[in-house]
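Coordinate analysis (summary)
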Amino acid sequence: MGDFESVGKAFVGHYYKTFDTPGGRGQLAALYQETSMLTWEGQKMQGAQNIVQKLTSLPFQSCTHHVSTMDCQPSGQTGGIIVSVTGQLLVEGEQHPLKFSQVFQLMPSTPGNYFVLNDIFRLNYA
């Protein structure tokens, strides 16, 4: 039962390390496919190219994610995994981190590999 936990943990580590590396957001394209959808603060986009275009056009060059919680569950009969993350995001030049939540649905692509089918990101202002 713990395999989905180890996959989720490895994914989260890789995703945020890549996102936080200068120039790394463009490399996240490999995690998405044309059926993938991102909802970023209520704005929806579909397909790896559109998703990466959004991520690379964010109004900051670098940031640091600090994960506070991560929960994983198996999803469906095809081996999917739901990953829910909360944490803090510190944008370059800012003193105060922003709280965020992000949910990923990972789906198997090839044996032992997953892609992001769904990705929902929200800043938590309350």
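Residues numbered from 1 in each chain as written. Predicted model: local features only at pLDDT ≥ 70, side-chain atom pairs only at ≥ 80, totals over all residues. Heavy atoms only, no water.

As recorded in an unreviewed UniProt entry, the protein goes by Nuclear transport factor 2 and comes from Chloropicon roscoffensis. Within the UniProt record for the protein, the comment given under Function (unreviewed entry) is "Has a role in nuclear-cytoplasmic transport of proteins and mRNAs." (UniProt positions renumbered as here; feature names shortened; annotations may be inferred.)

1. Overview of the overall build of the protein
If you tally the helices and strands in the protein, you get two helices and six strands. Seen in sequence order, the protein has helices and strands lined up from the N terminus as α-β-β-α-β-β-β-β. Against the globule reference of 14 Å for 126 residues, the protein gives a C-alpha radius of gyration of 14 Å, in line with a compact fold. For the protein, buried positions account for 40% of its 126 residues. (Helix = DSSP H or I, 4+ residues; strand = E, 2+ residues; numbered from the N terminus. Rg over C-alpha atoms; globule rule 2.2 N^0.38 Å. Buried < 20%, exposed > 50% of the residue type's maximum accessible area, 1.4 Å probe, protein only.)

2. Considering the pairing of strand E1 (residues 32-40)
The pairing of E1 with strand E6 (residues 114-124) spans five bridges and is classified as parallel. Counterpart to Tyr 32 in the pairing with E6 is Val 116. Turn length for the E1-strand E2 (residues 43-46) hairpin, with the two strands adjacent in sequence and antiparallel, is two residues, and the turn residue Glu 41 shows positive phi of about 55°. (Pairing = 2+ DSSP bridges.)

3. Here's the deal with helix H2 (residues 48-56)
Inspection of H2 places Ala 48, Ile 51, Val 52, Lys 54 and Leu 55 among the buried residues, and these make up the whole buried set. What you see down the axis of H2 is that its buried residues fit within an arc of 155°, all on one side. Relative to its buried face, H2 has exposed residues pointing more than 90 degrees away, namely Gln 49 and Gln 53. Of the surrounding secondary structure, the elements contacted by the buried residues of H2 are helix H1 (3-20), E1 and E2. (Arc of directions from axis to C-beta. Contact = heavy atoms within 4.5 Å.)

4. Remarks on the nonpolar core
If you look at the biggest cluster of nonpolar residues, it comprises 31 residues, and the most contacted ones within it are Tyr 15, Phe 19, Tyr 32, Leu 55 and Phe 104. Residue contributions to this core peak at seven residues, all from H1. Those residues in contact with Phe 104 that lie beyond four places of it in its chain are Phe 11, Tyr 15, Tyr 16, Ile 81, Ile 82, Val 83, Val 85, Val 116, Asn 118 and Asp 119. (Core = buried A, V, L, I, M, F, W, Y, C linked by side-chain atoms within 4.5 Å.)

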